[in-house]
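Examination of the molecular architecture
Read off the chains here:
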Amino acid sequence: MTKENSKLVSPYGGKLVDLMVTGEERQELIEKSNRLPSIQISARSLNDLELLATGAFSPIDRFMGKADYERVLTEMRTTDGTLFPIPITLPVDESDLPSWSEQITLSDARNNTLAVMRIEEVYHYDPQREARLVLGTTDTRHPLISEMVRWGKVYVSGELKMIDLPKYYDFAELRRTPAQVRASLDKMSNANVVAFQTRNPMHRIHEELTKRAAEDVDGSLLIHPVVGMTKPGDVDHYTRVRVYRSLIENYYDNNRTLLSLLPLAMRMAGPREALWHAIIRRNFGANYFIIGRDHAGPGKDSHGRPFYGPYEAQMMLTQYGEEIGVQPVEFKTLVYLADDERYEEQDKVPEDARIFSISGTEVREDYLAKGKTLPEWFTRVETADILQEMYPPRHKQGFCVWFTGLSGSGKSTTAEILTSLLLESGKQVTVLDGDVVRTHLSKGLGFSPEDRDTNILRIGFVAGEIARHGGTVICAAISPYRATRNEARKMVGEDRFIEIFVDTPIEVCESRDVKGLYARARRGQITGFTGVDDPYEAPTDPEITLYTVKTTPEENARKIIDFLEGQGHLQPDGTNNNIKEPEEEAAISAS
């Protein structure tokens, strides 16, 4: 079916942007790119670049210039009045920009050249202001904010010409551009298409919901999971896509259902992001969009409160649905009628009906974390098998205990006792002291704020890799800056990161200082000393706070053991069989 007689909704703005160059122009551009300065862009910018090039962000055809950026921040519109709620920008370090060329190449982490960009605008931005306007918060527990402070300090904009799209080797047959998705949907001959956004595994309730949505709109169904950057700690996309593919192959009508992957870098921006997701899905051919409670919400803030209200996203999409040409489909609450063996909307359930339901928390805490098989009424056998294979019981999973506090607060002493208790419980722990970390992991770094951040992020990266592969990690680092600790939390994963704040008054820390470091800092012989002339930002919502003045290190260590047992990381009887080799586990102590 040609574009002219397609039944699908038109792309947002009237036509799909296409930045790909072909034929002789492409060959000439490749030859020219070899002589141009190159900038290596981040994984987030790489996702954005791909979706710009293929038209998923239509009518946006470049990383935004300052005028568009400013108006999107304040009004959710570009300078020509087009509704667009999320700024699409390319942050770079100003020092990386060439002084002798008006063009640069954009490359990935492996230095593969992907695009040529003409530098037309370079402008500074305020990450705090952007976060406040787009995300509605400056709380560093928001996963994007702790990342933004490490972006390049300027944004760059200009004409883009795409030479190659990023190369993927996983699920290649499911990675389709907007034009390819539209072609597949056209073959289904339905004018209406309802899209389903997900970054989580799908269970029976999602299956039922999506099937009903397609029936309600009398159209096709686009299962469109995000496989770019999502919320730290989310189930990895390899596991999720195996689940999606199994469900589509076995339980959906393939004549009206299409599974396609979206390499989107989520912002976790709640209501604004819901609107953005709907615009993106219009470019893929959908005119209906399923939206649930707390869509694109990042969880809870530093005070334990949700960043966004449960229905704010639904209200925003309802408000602008007609303008963007995508109508919301409410994510209705369904429950399982045990006697009828079917799902029903909660408000239609008979009074005397026997109902079953499991929350997302119960799935994680009461089933997966304990190694219990999910019931067939809740999830398909194929899904349960995949999840159990990839997520063993919590006591066999890795975790990180991250001590933070002033020098002399008692972090290392408590960590040493905790290490012994973990060894006693069956966990294998290898201790790396601060000197070893500074020698092998952070050689050459000083104690400037930037170097301290780099040191902590390196520890966070190693801790995340160890925990991801089932290891036990203890990190006892001053880690004075809140945003950097939150970035380390992201690297490890929310469910595996236990932040321990050793809250010891500075005068007590000074009295314990046998090396005289505090005294030297007071005399000005040492500069940039945490707690004296460099700030320490205490955690606002740590998992555990320890006090060391009237509590012994052993009592504090046992308090942590009790917490780990309560969370399922350790078995109370001390039987914690660990199948990992000792070298895969570490306790990292660094200043």
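The structure we're discussing is the one just above.
Parameters at a glance
- Residues numbered from 1 in each chain as written.
- Predicted model: local features only at pLDDT ≥ 70, side-chain atom pairs only at ≥ 80, totals over all residues.
- Heavy atoms only, no water.
- Salt bridge = Lys/Arg side-chain N within 4 Å of Asp/Glu carboxyl O.
- Helix = DSSP H or I, 4+ residues; strand = E, 2+ residues; numbered from the N terminus.
- Buried < 20%, exposed > 50% of the residue type's maximum accessible area, 1.4 Å probe, protein only.
- Pairing = 2+ DSSP bridges.
- Right-handed = clockwise from strand over helix to strand, strands pointing away.
- Arc of directions from axis to C-beta.
- Contact = heavy atoms within 4.5 Å.
- Polar contact = N/O pair within 3.5 Å; in protein donor to acceptor, adjacent residues only side chain to side chain.
- Axes fitted to C-alpha atoms, helices over the stretch in contact; angles between N-to-C directions.
- Phe/Tyr/Trp six-rings, centres within 6.5 Å; stacked < 30°, edge-to-face > 60°.
- Parallel < 35°, antiparallel > 145°, perpendicular 65-115°, else oblique.
- Nonpolar A, V, L, I, M, F, W, Y, C, P; charged D, E, K, R; others polar.
- Disulfide = S-S within 2.5 Å.
- Left-handed = near helix turned anticlockwise from the far one by under 90°.

Re the pattern of salt bridges
- In the structure shown here, the tally under the stated rule is 36 salt bridges.
- With its nearest N and O atoms 2.8 Å apart, the salt bridge here joins E207 to K211. Note that E207 and K211 are positioned in helix α7 (residues 204-217) at a spacing of four residues, about one turn of the helix.
- By relative accessible area, which is 3% here, E207 ends up buried.

Brief notes about the pairing of strand β9 (residues 220-223)
- A two-sided burial pattern is seen for β9, the buried positions comprising S220 and L222 on one face and L221 and I223 on the other.
- Of the pairings in the sheet, the one linking strand β8 (residues 193-196) to β9 comprises four bridges and is parallel in character. In the sheet register, V194 faces β9, and the bridge partner there is L221.
- You can see the chain leave β8, run along α7 and come back into β9, and the turn it takes is right-handed.

Overview of helix α4 (residues 127-135)
- Those residues of α4 lying buried are E130, A131, V134 and L135. Relative to the axis of α4, the buried residues are bounded by an arc of 100° and lie together on one face.
- In this structure, the buried residues of α4 make contact with α3 (66-75), α5 (145-148), β6 (154-157) and α9 (271-283).
- Between a side-chain oxygen at the N-terminus of α4 and the backbone nitrogen of Q128 the separation is 3.0 Å; the capping residue is D126.

Here's the deal with the sheet that holds strand β3 (residues 103-107)
- The sheet built from four strands is open, its strands ordered β1-β3-β4-β7 with mixed pairing. At either end of the open sheet lies a strand with only one pairing partner, and these are β1 (38-40) and β7 (160-162). On average, adjacent strands in this sheet sit at an angle of 25° to one another, irrespective of strand direction.
- With three bridges connecting them, β1 and β3 associate as parallel partners. Bridged to Q40 within β3 is S107.
- Contacts from helix α1 (residues 23-33) reach β3, β4 (113-118) and β7, with the element oriented near 85° to β4.
- Docked against the sheet, helix α2 (residues 43-54) engages β3, β4 and β7, running at close to 85° with respect to β7.

Some words on the sheet that holds strand β2 (residues 91-92)
- Taken in spatial order, the three strands line up as β2-β6-β5 in an open sheet, and their pairing is antiparallel. Both edges of this open sheet fall to β2 and β5 (121-124), since each of them pairs with a single strand only.
- Alignment of β2 against β6, held across two bridges, turns out to be antiparallel. Within β6, the residue paired with P91 across the bridge is Y155.

What to know about unusual backbone geometry
- Looking along the chain, the bond that leaves S58 and enters P59 is cis, with omega of 5°.
- Here P59 lies in the loop between α2 and α3.
- Its identity as a non-glycine residue notwithstanding, D218 has a phi of 55°, on the positive side.
- Structurally, D218 is set in the loop between α7 and β9.
- Since its relative accessible area comes to 60%, D218 is described here as exposed.

Re the pairing of strand β14 (residues 342-345)
- Here four bridges tie strand β13 (residues 334-337) to β14, and the two strands are oriented antiparallel to one another. Counterpart to V335 in the pairing with β14 is E344.
- Counting the residues in the hairpin turn of β13 and β14 gives four residues, including E341, whose phi is positive at 55°.

With respect to the packing of aromatic side chains
- Throughout the structure, instances matching the rule amount to 14 aromatic pairs.
- Relative to Y155, the ring of Y125 has its centre 3.8 Å away and its plane inclined at 5°; by these criteria the two rings are stacked. A residue pair is termed long-range when its members are at least 10 positions apart, and Y125 in the loop between β5 and α4 and Y155 in strand β6 qualify at 30 residues.
- With 6.3 Å between their ring centres and 25° between their planes, Y336 and F356 make a pair best called stacked.

Side note on the packing of α3 against α4
- Running from N to C, α3 and α4 point in directions that differ by 45°, and their axes come no closer than 8 Å. Looking at the two axes, α3 sits oblique to α4. For the pair α3 and α4, the contacting residues are Y69, E70, L73 and T74 in the first and R129, E130, L133 and V134 in the second.
- Residues that form the contact of α3 with α4 fall into these classes: four nonpolar, one polar and three charged.

Re the state of the cysteines
- Taken as a whole, this structure holds zero disulfides when the rule is applied.
- With no disulfide of its own, C509 lies closest to C475 among cysteine sulfurs, the gap being 20 Å.
- For C509, a relative accessible area of 0% gives the class buried.

Considering the side chain of S260
- Residue position: S260 is located in the loop between β10 (257-259) and α9.
- On the basis of relative accessible area, S260 is assigned to the buried category, the value being 0%.
- Polar contacts involving the side chain of S260 include one to the main-chain carbonyl oxygen of L174, which spans 3.4 Å.
- The contact partners of S260, leaving out residues within four places of it in the chain, are L174, R176, V181, L222, I223, H224 and P225.

Some points on the environment of I544
- As for its placement among the helices and strands, I544 is situated in strand β20 (residues 544-546).
- Sequence separation between I544 and D218 is 326 residues; the distance between their C-alpha atoms is 52 Å.
- With residues up to four places along the chain from it excluded, the contact list for I544 reads E499, I500, F501, K559, I560 and F563.

Some thoughts on the packing of helix α13 (residues 411-424) against helix α19 (residues 553-566)
- Interhelical geometry of α13 versus α19 gives an angle of 50° and a closest axis separation of 8 Å. By the criterion of interaxial angle, the relationship of α13 to α19 is oblique. Between α13 and α19 the crossing geometry is right-handed. Packed against α13, whose contacting residues are T413, T414, I417, L418, L421 and L422, the element α19 presents P553, E554, N556, A557, R558, I560, I561 and L564 at the interface.
- Its residues assigned to classes, the contact of α13 with α19 shows nine nonpolar, three polar and two charged.

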